[in-house]
Amino acid sequence: MNKKEINELKKNFNESSGLFTLNRVYSAFVDHERNILCKSNRMYTLIPEEEASVIMETLKKVLSGSLGKALTEYEFPRDSYEEGGSQKLLYSLVSGKLEETDESADKLLEAIAEKIVYEQAFTLLIGHCSYSVFTKNKNAEIEADINENIYNFVIAAICPVNTGTDGLVFDDETNTIIKKANTEKIISRVPSDGFLYPVFSDRASDVNHVMYYTQSPKKPNISVITEILGCEFLMSCESEKERFHQVVASVAGDELDYNVITRVNEKLMETVELNKDETSLPVIDDNRLKTILSEAGVSDERLEGLSAVYKETVGDAPLTVSNLVETKTVLSMPGITVNIGRDSVDLVRTALVGGKRCLLIDLDDPEITVNGLPAAITQTITSGNEPSDGSDGNT
């Protein structure tokens, strides 16, 4: 799936869309000891309105977040459609339409309760949905596809359950402030994990892929991906950046200075900007990275070993450019951190001054503030490299 396809589904994921229908909802509560305490299977139209709106809102959040960060598409391994495989179970879930006579949802629930790594109680919501894939006529009006193509899918949300902490509350009956324990189990409206199956690719169902959602892109729940969806875990967005840094640092070595680092980031930002209107996310491989580092000033001698380092560190997979970009430049050393905005990178330099490594900042604006107070600049660096207060006439 690309950004355009995700946005299309997300835009129509509501009751007012004439193209989308949430048919049935399967829900279950699992306590922290993995006991299934309750479960239900209902037609969405029979659920009370206030409850139904929360369910719709929660399931829709599984489509939120950035592609490549919160949303990651996984391909099923070849054996996953065999008996007992995850793909076969999910395919049965879609085909069975969550009908009460179908046991697929119960089997999925049991697998989740048994295999998921989760520290607290949670609620599982599964919706069976239908979406009429549309085309536009010559007047740019939406009309049903001439083949009446219906995209049927299931969307699942795993929502953490929390109990309120003990605290002070106002008691209406006594008009006093008292300490009271809140023991209600509140189901979060924001899923921690979820998935969409099958994916909506090229305006049709792709049963060989599944879209995984996580609320925490830096720390996805790997057990959902490997144990429930049966897929091989790919790198998180944080891992992509870490491995990218390892490759760049290993290849560039002592040539990796401020200018090279900031130029590399500029090249990455340019790539994102050039592809902002594309539906697919831009990626780089070892060849593209070699070009970027060369343009940033890394010598050809250093770049000779890049492909081998990349393969050893990253493997054969490309890296998602948007996961590598830094929105600001941060210079840090013990006791000092300097945040540099995107438009001010060229005002900063590193240099050797009198044998000392120094950070130099060009101040185009003569007025600066320190701790909110206007600060004058009176000292100059003398020939002896010692600061002067300027009283001796040196400038």
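Reading the values: rules and limits
Per-chain numbering applies: the sequence of each chain, read as written, is numbered from 1 onward. Per-residue local features are limited, in this predicted model, to residues with pLDDT of at least 70; the limit for side-chain atom pairs, both in listing and counting, is 80 or more; totals at the level of whole chains, interfaces and linings are taken over all residues. Hydrogens and waters are ignored; side-chain quantities use all the structure's heavy atoms. A side-chain nitrogen of Lys or Arg and a carboxyl oxygen of Asp or Glu constitute a salt bridge if their distance falls within 4 Å. A helix here means a DSSP run of H or I that spans at least four residues, while a strand means a run of E at least two residues long, and both kinds are numbered starting from the N terminus. Classification of residues uses two cut-offs on accessible area relative to the type maximum, computed with a 1.4 Å probe and protein chains only: under 20% is buried, over 50% is exposed, and between them is partly exposed. Points on a 1 Å grid, built from protein atoms alone, make a cavity when a 1.4 Å probe fits but cannot get out and make a pocket when they are open with protein on both sides within 12 Å along at least 5 of 7 lines; residues with an atom within 4 Å of a point are the lining residues. Grid points are joined across faces, edges and corners, and a volume is the space filled by probe spheres set on the points. In this count, Pro and Cys sit with the nonpolar residues alongside Ala, Val, Leu, Ile, Met, Phe, Trp and Tyr, while Asp, Glu, Lys and Arg are called charged and the others, Gly among them, polar. Between the rings of Phe, Tyr and Trp (Trp by its six-membered ring), a pair exists once the centres lie within 6.5 Å; its type follows the angle of the planes, with under 30 degrees stacked, over 60 edge-to-face, and the other angles tilted. Polar contact is defined as a pair of N or O atoms within 3.5 Å, subject to the rule that within protein one atom must be able to donate a hydrogen and the other to accept it, and that residues adjacent in sequence are counted only when both atoms are side-chain atoms. Contact definition: two residues touch when any of their heavy atoms are within 4.5 Å. This arc is taken over the directions from the axis of the helix to the C-beta atoms.

Caption draft 1: Geometry of the pattern of salt bridges. In this structure the tally under the stated criterion is 12 salt bridges. Between K39 and D106 there is a salt bridge whose closest N-O contact spans 3.3 Å. With K39 in strand 2 (residues 36-43) and D106 in helix 4 (residues 104-115), this pair connects stretches of sequence that are 67 residues apart. In this structure K39 comes out as partly exposed when scored by relative accessible area, which is 48%. Residue classification places D106 among the partly exposed positions, given a relative accessible area of 23%. Here R189 ties to E57 by a salt bridge, and the two come within 3.0 Å at their closest N and O atoms.

Caption draft 2: Molecular detail of the layout of surface pockets. Of the volumes computed, that of the largest pocket is approximately 810 Å³. Looking at the largest pocket, it is lined by 25 residues, and the ones nearest its centre are T72, E73, L234, P318 and T320. Taken together, the elements giving at least two residues each to the lining of the largest pocket come down to strand 3 (71-75) and helix 6 (237-252). Examining the composition of the lining of the largest pocket, we find that 5 residues originate from one element, strand 3, more than from any other. A class-by-class count of the residues in the lining of the largest pocket yields 12 nonpolar, 7 polar and 6 charged. Considering the residues around the second largest pocket, the lining is formed by 17 residues, among which H245, I261, T262, N265 and E326 are closest to the centre. Contributions of two or more residues to the lining of the second largest pocket are made by helix 6, helix 7 (258-274) and strand 17 (329-333).

Caption draft 3: Representation of empty space enclosed by the protein. Scanning the model with the defined rule gives 1 cavity of 30 Å³ or more in all. What the largest cavity holds in volume is close to 80 Å³. Lining of the largest cavity is provided by 14 residues; of these, K69, T72, P220, M235 and S236 occupy positions nearest its centre. The set of elements that each furnish at least two residues to the lining of the largest cavity consists of strand 3 and strand 14 (209-214). Its residues assigned to classes, the lining of the largest cavity shows 9 nonpolar, 4 polar and 1 charged.

Caption draft 4: Representation of the packing of aromatic side chains. All chains considered together, the criterion is met by 7 aromatic pairs. With a centroid separation of 5.9 Å and an interplanar angle of 80 degrees, the aromatic rings of Y81 and Y91 are classed as edge-to-face. Residue Y81 is located in the loop between strand 3 and helix 3 (86-96), and its partner Y91 is located in helix 3; the two are separated by 10 residues in the primary sequence. Judged by relative accessible area, Y91 falls into the partly exposed class, the value being 36%. Note on Y118 and F122: the rings are 5.1 Å apart at their centroids and 70 degrees apart in plane angle, and the pair reads as edge-to-face. Taken as a pair, Y118 and F122 share a single burial class, namely buried.

Caption draft 5: How the structure looks around the side chain of T214. If you trace the backbone, T214 turns up in strand 14. On the basis of relative accessible area, T214 is assigned to the buried category, the value being 4%. Of note is the side chain of T214, whose polar atom sits 3.1 Å from the backbone nitrogen of S216. Apart from the residues lying within four places of it in its own chain, the contact partners of T214 are K69, A70, S192, D193, K219 and P220.

Caption draft 6: Expanded view of helix 10 (residues 306-313). Among all positions in helix 10, only L306, V309, Y310 and T313 are buried. Seen from one end, helix 10 has its buried residues packed into an arc of 100 degrees, which puts them on one side. Of the exposed residues in helix 10, those oriented more than 90 degrees away from the buried face are A308, K311 and E312. Packed against the buried residues of helix 10 are helix 6, strand 15 (283-284), helix 8 (286-296), helix 9 (300-303) and strand 16 (319-320). Positive backbone phi, approximately 100 degrees, marks G315, located one or two places after helix 10.

Without other data, these values stay purely geometric and don't point to any function.
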